[in-house]
2 protein chains.
Amino acid sequence: MNEVEWSDTEKEIAKEAFNKAYVREVNNLIKEVRELANSISELNHLWQLHDFLSARRHEIDGKYDYRDSVLIFVFARLVNEGLLDIKELEGLNKDKLIKIAALARMQNFT
Amino acid sequence: MNEVEWSDTEKEIAKEAFNKAYVREVNNLIKEVRELANSISELNHLWQLHDFLSARRHEIDGKYDYRDSVLIFVFARLVNEGLLDIKELEGLNKDKLIKIAALARMQNFT
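Predicted model, so just to flag it, every value in this text is computed and none were measured.

*Asks:* Just give me the short version of the packing of aromatic side chains, but keep the residues and values in it.
*Replies:* The geometry of two aromatic rings is summed up by the distance between their centres and the angle between their planes. Residues and elements named next belong to chain B. Evaluated as defined, the whole model comprises 10 aromatic pairs over all chains. Taking the centre distance of 6.5 Å and the plane angle of 50° together, the rings of tryptophan 6 and phenylalanine 75 count as tilted. Note that tryptophan 6 is positioned in the segment before helix 1 (8-38) and phenylalanine 75 in helix 3 (residues 68-80), a separation of 69 residues in sequence. Considered together, tryptophan 6 and phenylalanine 75 belong to a single accessibility category, that of buried residues. Between the aromatic rings of phenylalanine 18 and tyrosine 64, the centroid separation amounts to 5.5 Å while the plane-to-plane angle is 80°, which identifies the pairing as edge-to-face. Residue phenylalanine 18 is found in helix 1, and its partner tyrosine 64 is found in the loop between helix 2 (43-63) and helix 3; the two are separated by 46 residues along the sequence.

*Asks:* Got a sec to walk through the relation of the copies chain A and chain B? Specific residues and values, please.
*Replies:* When chain A is fitted to chain B, the best match, at an RMSD of 0.0 Å, comes from turning it 180° and sliding it 0.0 Å along the axis. Those values place the two copies in the arrangement expected of a two-fold rotation axis. When the interface residues of chain A are mapped onto chain B, 100% of them are again interface residues, pointing to one common binding face.

Here is what the cut-offs are and how they apply
- Residues numbered from 1 in each chain as written.
- Chains lettered and ligands numbered in written order.
- Predicted model: local features only at pLDDT ≥ 70, side-chain atom pairs only at ≥ 80, totals over all residues.
- Heavy atoms only, no water.
- Phe/Tyr/Trp six-rings, centres within 6.5 Å; stacked < 30°, edge-to-face > 60°.
- Helix = DSSP H or I, 4+ residues; strand = E, 2+ residues; numbered from the N terminus.
- Buried < 20%, exposed > 50% of the residue type's maximum accessible area, 1.4 Å probe, protein only.
- Least-squares fit on C-alpha atoms with pLDDT ≥ 70 in both.
- Contact = heavy atoms within 4.5 Å.

All quantities given are derived from atomic positions and should not be read as evidence of function.
Pasting the structure below:
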């Protein structure tokens, strides 16, 4: 299996890792929104919360893309953002892991 | 002074009532958003909160219109929604008060 092709086992590992990152992302966001909501004391803060949710919604909608062709990049971003540990991808082909780890060290994913 | 013209005294009364309603509206909304935020347990609830804020932002932006020509209707709506008591408009010309009270009894302001 190379970077582009995914075996059934790899797909299983990828799916599980993907879901883990997603759950962490959602839980982090829920926590953040609760904290923001509890610190609101004026109308502007409400609209700041609204702007924040607009941006995060847009980001999350685009981020969790499960197409094989982009999955390496999605995982690199999730590792970069601390939502996934590279160890949670163990079992993937070595080339994939090396590429994900290298890409994850880059900045400016968004 | 008739329904359209506003004396300086009426303008003072209007401004104070307008601000009172606005503060109540904002405080109600802050309370509601805090409650919603604290009941969030999944991503869909976050997007529901986002949709709710989008709708309320649009509504509030259009609602607090301080132009003399529409102020009668704005006050009628605020009374209708319980954000203002008709007594808080005492001192306005009688014709204005009658019109506001009559309009406030109507439904479907939005």
